[in-house]
Amino acid sequence: MFSSLKVRNYRLFFLGQVVSNTGTWMQRIAQDWLVLSLTGSATAVGITTALQFLPMLLFGLYGGVLVDRLPKRRTLLFTQSAMAVTGVALAVLTLTGHVQVWHVYLAAFAVGLATVVDNPARQSFVSEMVGPDQLQNAVSLNSANFQSARLVGPAVAGLMITGVGTGWAFLANGLSFVAPIGGLLLMRARELYPVQRAPRGKGQLREGLRYVAGRPELIWTIVLAGFVSTFGFNFPVYLSAFADDVFHAGAGSYSLFNTLMAVGSLAGALLAARRGTARMRVLVVGAVAFGTMEIVAAFAPSLWLFALLMAPIGMFGMTVNVTANSSIQMSTDPAMRGRVMALYMMVFMGGAPLGAPIAGWITDAYGVRAGLAVGGAITAAAAVTVALALARVGGLRLSVGWNRGHPHVRFVPREQEQLATAA
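Within every chain, residues take consecutive numbers counted from 1 along the sequence as written. Confidence filtering applies because this is a predicted model: local features only for residues at pLDDT of at least 70, side-chain atom pairs given and counted only at 80 or more, and all residues used for totals across whole chains, interfaces and linings. As a rule here, side-chain values cover all heavy atoms of the structure and leave hydrogens and water aside.

> Go over the pattern of salt bridges, please, and point to the residues and values.
In the sections that follow, a salt bridge refers to a side-chain nitrogen of Lys or Arg positioned within 4 Å of a carboxyl oxygen of Asp or Glu. Using the criterion set out here, one finds 5 salt bridges in the structure. Salt-bridge contacts for glutamate 191 lead to arginine 188; the nearest nitrogen and oxygen are separated by 3.0 Å. Partly exposed describes any residue whose relative accessible area lies between the buried limit of under 20% and the exposed limit of over 50%, with all areas from a 1.4 Å probe on protein chains only and scaled to the type maximum. A relative accessible area of 32% means that arginine 188 is categorised as partly exposed. Ionic contacts of the salt-bridge type, sharing partners, join the residues Asp68, Glu207 and Arg339 into one network.

> Could you give an account of unusual backbone geometry, with specific residues and numbers?
The backbone of histidine 248 sits at a positive phi, close to 50 degrees, despite the residue not being glycine. Helix and strand labels come from DSSP, where a helix needs a run of H or I of at least four residues and a strand needs a run of E of at least two; each type is numbered from the N terminus. Among the structural elements, histidine 248 can be located in the loop between helix H10 (235–246) and helix H11 (251–275). Owing to a relative accessible area of 64%, histidine 248 belongs among the exposed residues under this scheme.

> Can you tell me about the packing of aromatic side chains, naming the residues and giving the values?
Geometry of aromatic contacts follows a simple scheme: Phe, Tyr and Trp rings, the Trp one being its six-membered ring, pair when their centres are within 6.5 Å, and the pair is stacked under 30 degrees between planes, edge-to-face over 60, tilted otherwise. This structure, assessed with the given rule, holds 13 aromatic pairs. Residues phenylalanine 235 and phenylalanine 290 carry aromatic rings whose centres are separated by 6.3 Å and whose planes lie at 80 degrees to one another, so their mutual orientation is edge-to-face. Residue phenylalanine 235 is found in helix H10, and its partner phenylalanine 290 is found in helix H12 (residues 280–298); the two are separated by 55 residues along the sequence. Phenylalanine 290 carries the same exposure label as phenylalanine 235, and that label is buried. For the pair tryptophan 361 and tyrosine 366, a centre-to-centre distance of 6.0 Å together with 85 degrees between the ring planes defines the contact as edge-to-face.

Written out as structure tokens, the structure is:
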């Protein structure tokens, strides 16, 4: 389960990310709380979130082009330093009492700009640290790392905000980047798996798009990830409505739902690390199970049953995320990896801003149970459609039968069917 941590360079990277991810979650909570305190407006909080994701939607593909041209280790040193400066600047403004809401907007947008390059660089740098044999394990542990920080960061942020104020939470985040920057500086360059960088030239963005379009295993994986993100991951809309409108239980239950989902996500990431391989079958089955569990949860009659279902939903959702990420990386030419991962992250991260208004409209018009059920149904249907499309491209057919008294469903080559018919 933890085999990639035997690699010294990756171990340094992983430990740095443990600290940095915790600080990032602290800043997210403190940032939203500060904006709400300054304006009293939930809309202003939404604007802050949108500004942080907007650069990825606008410039994400260009970020991938830069990552393929630049040395990834040095690129990460620059982006991590930029985000550290942003956190410290926001801390100084808050602690001195000079902070205004436009300062927070600007900081959110600046972090978003850094993320445009930092995200594909971090994703593709993993293969240079561990090599192809440990890639699946390392990608899974990265996700487990992020989910662990998701459990710890908000709790620490809450204690700091109530105890000493939001400014200190921002400062803690800024200083947390010392860990990943130190880890990058301590790495041994001779132990990295070098990748030939793309030369500077025209048309590299179009080249990357053509590369993905010509490979069904990439394009269909990205399409499925887009559907899951857009229609399946709208939990900020659903969970708050279930807590308040359906079960009338308040903020405590909303926190419980998120915590149990984070626990399930952590378990899903660790199980993916243990599997060691990223198969298309696991991706499709995980997406179908994720959508099906959402439909079941939509009609849960009690709060405790709904809460317990959050854990498997988180687990299957993380299975889809990790499997899609690692399968795309392992199927991509290293010289194209930055552009392909940028496209994948743009689709996956951009799905939430597009899907949230749709989920909100369905919830307002037909109720939150209908909204969650529709989202789950679309996700499961997309997974089945992608499976059939890939089977057709690969010359496979669906085989349904019985094996030792149990139903057996799998894809087999069409040649087997033709041989059986001839016999």
